[in-house]
Amino acid sequence: QVQLVESGGGLVQAGDSLRLSCEASGRTFSNYLMGWFRQAPGKEREFVAAIGRTPSYADSAQGRFTISRDNAKNTVYLQMNSLKAEDTAVYYCAAGRSSLVRDARGYEYWGQGTQVTVSS
């Protein structure tokens, strides 16, 4: 079992930055692919970024967001810069061991989510 706890969300203005953190329980954190997804009101959950040995980004995140992980701290981060109103969503951290990097079905464990609101 892996438990995930996100933090770092909040209300910011367009153009600002935020860093989300996701701390995982368990001793095998380094074995998991870690991903960030988001879900805006009335929309489906969508892939944002993931990191195994290398990072992968959605087009909407490429160049503005950076995903990183610290295996010693069992933590994955999402640095979000140049935030836009359309980035407003609940952001979820996820852990998995499949090759479905961009597909939510590839992740076994999910956090409770953290709200990010960007005002324009």
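Please refer to the structure placed before this passage.
Predicted model, so just to flag it, every value in this text is computed and none were measured.

Caption draft 1: Up close: the overall build of the protein chain. Of the regular secondary structure elements, the protein chain holds zero helices and eleven strands. Overall, the protein chain shows an N-to-C arrangement of helices and strands of β-β-β-β-β-β-β-β-β-β-β. Relative to a compact globule of 120 residues, whose C-alpha radius of gyration would be 14 Å, the protein chain shows 13 Å and is just as compact. For the protein chain, the spread of C-alpha atoms along the principal axes amounts to about 40 × 25 × 25 Å. For the protein chain, the proportion of its 120 residues judged to be buried stands at 45%. Look at the contacts in the protein chain between residues 6 or more apart in sequence, and 58% of them connect residues 24 or more apart.

Caption draft 2: Geometry of the state of the cysteines. Tallying each qualifying case throughout the model produces one disulfide. There is a disulfide in this structure between C22 and C93, and the S-S distance comes to 2.1 Å. Disulfide C22-C93: the torsion about the S-S bond is -80°, which places it as left-handed. Taken together, the residues span a long stretch of sequence, with C22 in strand 3 (residues 18-24) and C93 in strand 9 (residues 89-96) at a distance of 71 residues. With a relative accessible area of 0%, C93 lands in the buried category.

Caption draft 3: Structural context of the pattern of salt bridges. Evaluated as defined, the whole model comprises five salt bridges. Across the pair E46 and R38 runs a salt bridge whose closest N-O atoms are separated by 2.6 Å. A salt bridge links R97 to E108, with the shortest nitrogen-to-oxygen separation between them at 3.2 Å. One end of the pair, R97, is in the loop between strand 9 and strand 10 (109-110); the other, E108, is in the loop between strand 9 and strand 10, and eleven residues separate them in sequence. The class of E108 is partly exposed, set by a relative accessible area of 40%. It is possible to trace a salt-bridge network through shared partners that takes in R38, E46, R64 and D87.

Caption draft 4: Main features of the sheet that holds strand 1 (residues 4-7). Ordered in space as 1-3-8-7, the four strands form an open sheet in which the pairing is antiparallel. Every interior strand has two partners, whereas the edge strands, strand 1 and strand 7 (65-70), have only one. For this sheet, the mean inter-axis angle between neighbouring strands, taken without regard to orientation, is 15°. Looking at chain direction, strand 1 and strand 3 are connected through four bridges and run antiparallel. Along strand 3, the bridge assignment pairs E6 with C22.

Conventions and cut-offs
- Residues numbered from 1 in each chain as written.
- Predicted model: local features only at pLDDT ≥ 70, side-chain atom pairs only at ≥ 80, totals over all residues.
- Heavy atoms only, no water.
- Helix = DSSP H or I, 4+ residues; strand = E, 2+ residues; numbered from the N terminus.
- Rg over C-alpha atoms; globule rule 2.2 N^0.38 Å.
- Buried < 20%, exposed > 50% of the residue type's maximum accessible area, 1.4 Å probe, protein only.
- Contact = heavy atoms within 4.5 Å.
- Disulfide = S-S within 2.5 Å.
- Salt bridge = Lys/Arg side-chain N within 4 Å of Asp/Glu carboxyl O.
- Pairing = 2+ DSSP bridges.
- Axes fitted to C-alpha atoms, helices over the stretch in contact; angles between N-to-C directions.

Keep in mind these values describe shape, not function.
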